[in-house]
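# Secondary and tertiary structure notes
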Amino acid sequence: MSKFRFPFQRATASKPSVVAPSQAPGADFAPLPSNLTAERVLHVQHYTDRLFRFSITRPTSFRFRAGEFVMIGLRTDGRPLLRAYSIASPPWDDALEFYSIIAPNGPLTCRLKHIKVGDEVLMAHKPTGTLVLDALTPAKRLFLFSTGTGFAPFASLLREPETYVKFDKVIVTHTCREESELRYSEDTVNALPDDPLVGEAAPLRVTRYATCTQDTCRRAGRITDLVSSGAMFDDLAIAPLDRTHDRAMICGSLPFIHDMQLVLTNAGFVEGSNASPADFVVEKAFVG
Ligand SMILES: Cc1cc2nc3c(=O)[nH]c(=O)nc-3n(C[C@H](O)[C@H](O)[C@H](O)COP(=O)(O)OP(=O)(O)OC[C@H]3O[C@@H](n4cnc5c(N)ncnc54)[C@H](O)[C@@H]3O)c2cc1C
Ligand SMILES: NC(=O)c1ccc[n+]([C@@H]2O[C@H](COP(=O)([O-])OP(=O)(O)OC[C@H]3O[C@@H](n4cnc5c(N)ncnc54)[C@H](OP(=O)(O)O)[C@@H]3O)[C@@H](O)[C@H]2O)c1
């Protein structure tokens, strides 16, 4: 379970009309709306000048499925400023991990980039999302296609034991502009052998395929091109996509999602949902 523990009292209570004020020195004491909880930062790690991960305390009542997202944010001028964030940690962990962009002039991330251990982060009580195992019908292989911070929900799914109950093999792809932006997915996959729940199954069954598009790195190119041309399957010496055996999830920017969806639908894949499970599901990692 999580190595990070923090002695602050949690600011959740049983269905209050407002959440208890933060106990942190210098915190804003304005009451929060009842749909929000105030949590504490446990850990922060910056990867590049525009990418970082952090973890926060988890309310005991907070439940989610691997792949879902939740609204998180900060108090600015006494009011909550919230954005959607995929939960990167698995549902069994004590802490909640997130992987964040720092958007130039982004209202939230220009502030969020300064958080440190002990600071307050606001979070909605209810997670949601379509990138869930329930939305896919059973098959042999699961392909997780991501660009940029779109890898975040897959960090959760890779550490979810149910993933390995439902699928024999998991192929996770991550494409970024520069090689340095691939480190979070590299660290996540490299840490799988030490995972307390999936440490035995995952290393034998997960393949990571990382590419970058504007830098010199081991593998270059957009994943849409590498799948369409068959280059990815040749590189990994695996069978090409086949709707009979394969399922997929897509997470990244809208143009990427659109193009990747096209690749899959051209191969005969049908989009699924919670209500109607099928061959693939998508989630935008940001609007743009
Ligand atoms: C379902 C969903 C899940 C999301 N999960 C994550 C996540 O796990 N991690 C994360 O960092 N963001 C995620 N986002 C984006 C996030 O909600 C915010 O947009 C982001 O935190 C920037 O907030 P901001 O207020 O600083 O800037 P905003 O005003 O929200 O965005 C400013 C501009 O920055 C660019 N941008 C925003 N987010 C990203 C991003 N993630 N990658 C590249 N460019 C971006 C866009 O061009 C956008 O127009 C998600 C969005 C959605 C809809
Ligand atoms: N000016 C800069 O130097 C700079 C640097 C970083 C980010 N940004 C801006 O920041 C925002 C987010 O950047 P980001 O790097 O996180 O995300 P991004 O622009 O979506 O790129 C992430 C990765 O996805 C690939 N990609 C983009 N569209 C695709 C598509 N339709 N099909 C397949 N692959 C696709 C990109 O390849 P390609 O490289 O081939 O597009 C890149 O490798 C963008 O608006 C971007 O313009 C600017």
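Bear in mind the structure is a predicted one, so any value in this text is a computation, not a measurement.

## Quick word on the sheet that holds strand β1 (residues 36-48)
Through backbone hydrogen bonds, the strands of a sheet pair up, either in parallel or in antiparallel fashion. Ordered by their spatial adjacency, 6 strands build an open sheet running β4-β3-β6-β1-β2-β5, and the pairing between neighbours is antiparallel. Among the strands making up the open sheet, the edge pair consists of β4 (79-86) and β5 (95-101). Taken over all neighbouring pairs, the strand axes of this sheet differ in orientation by 40° on average, direction set aside. By the bridge criterion, 7 bridges tie strand β2 (residues 51-57) to β5 in an arrangement that is antiparallel.

## Section: the site of ligand 2
Near ligand 2 you find 14 residues, and of these T147, G148, T213, S253 and P255 are the closest. Listing elements by their share of the shell around ligand 2, those giving two or more residues are β8 (169-176) and α8 (254-266). If one sorts the elements of the shell around ligand 2 by residue count, α8 sits on top with 3 residues. Considering only residue class, the shell around ligand 2 consists of 3 nonpolar, 8 polar and 3 charged.

## Focus: α8
Across its 13 residues, α8 extends 18 Å between first and last C-alpha, which sits within 8% of the 18 Å expected from 1.5 Å per residue. Buried within α8 are the following residues: F256, M260 and L264. Taken down its axis, α8 places every buried residue within 65° of arc, on the same side. Within α8, the exposed residues directed more than 90 degrees away from the buried face are P255, L262 and N266. In this fold, the buried residues of α8 make contact with β7 (141-147), α6 (223-228), β10 (246-252) and β11 (280-284). Note on α8: the residue one or two positions beyond its end, G268, has a positive phi of about 90°.

## A look at the confidence of the model for the protein
Averaged over every residue, the pLDDT of the protein is 90; residues scoring 70 or more account for 89%. The low-confidence segment residues 1-27 (pLDDT under 50) makes 44 contacts with residues lying over four places distant or belonging to another chain.

## Thoughts on the environment of E97
With respect to the helices, strands and loops of the structure, E97 is situated in strand β5. Take E97: there are 25 C-beta atoms within 10 Å of it, and that puts it in the buried class. When the C-alpha positions of E97 and S55 are compared, they lie 4.1 Å apart, and in sequence the two are 42 residues distant. Setting aside residues up to four positions removed in sequence, E97 forms contacts with R53, S55, A88 and S89.

About the criteria used
Residues numbered from 1 in each chain as written. Chains lettered and ligands numbered in written order. Predicted model: local features only at pLDDT ≥ 70, side-chain atom pairs only at ≥ 80, totals over all residues. Pairing = 2+ DSSP bridges. Helix = DSSP H or I, 4+ residues; strand = E, 2+ residues; numbered from the N terminus. Axes fitted to C-alpha atoms, helices over the stretch in contact; angles between N-to-C directions. Near = placed C-beta within 6 Å. Nonpolar A, V, L, I, M, F, W, Y, C, P; charged D, E, K, R; others polar. Expected span 1.5 Å × (residues − 1). Buried ≥ 20, exposed ≤ 12 C-beta atoms within 10 Å, placed from the backbone. Arc of directions from axis to C-beta. Contact = placed C-beta atoms within 7 Å. pLDDT = per-residue confidence, 0-100.

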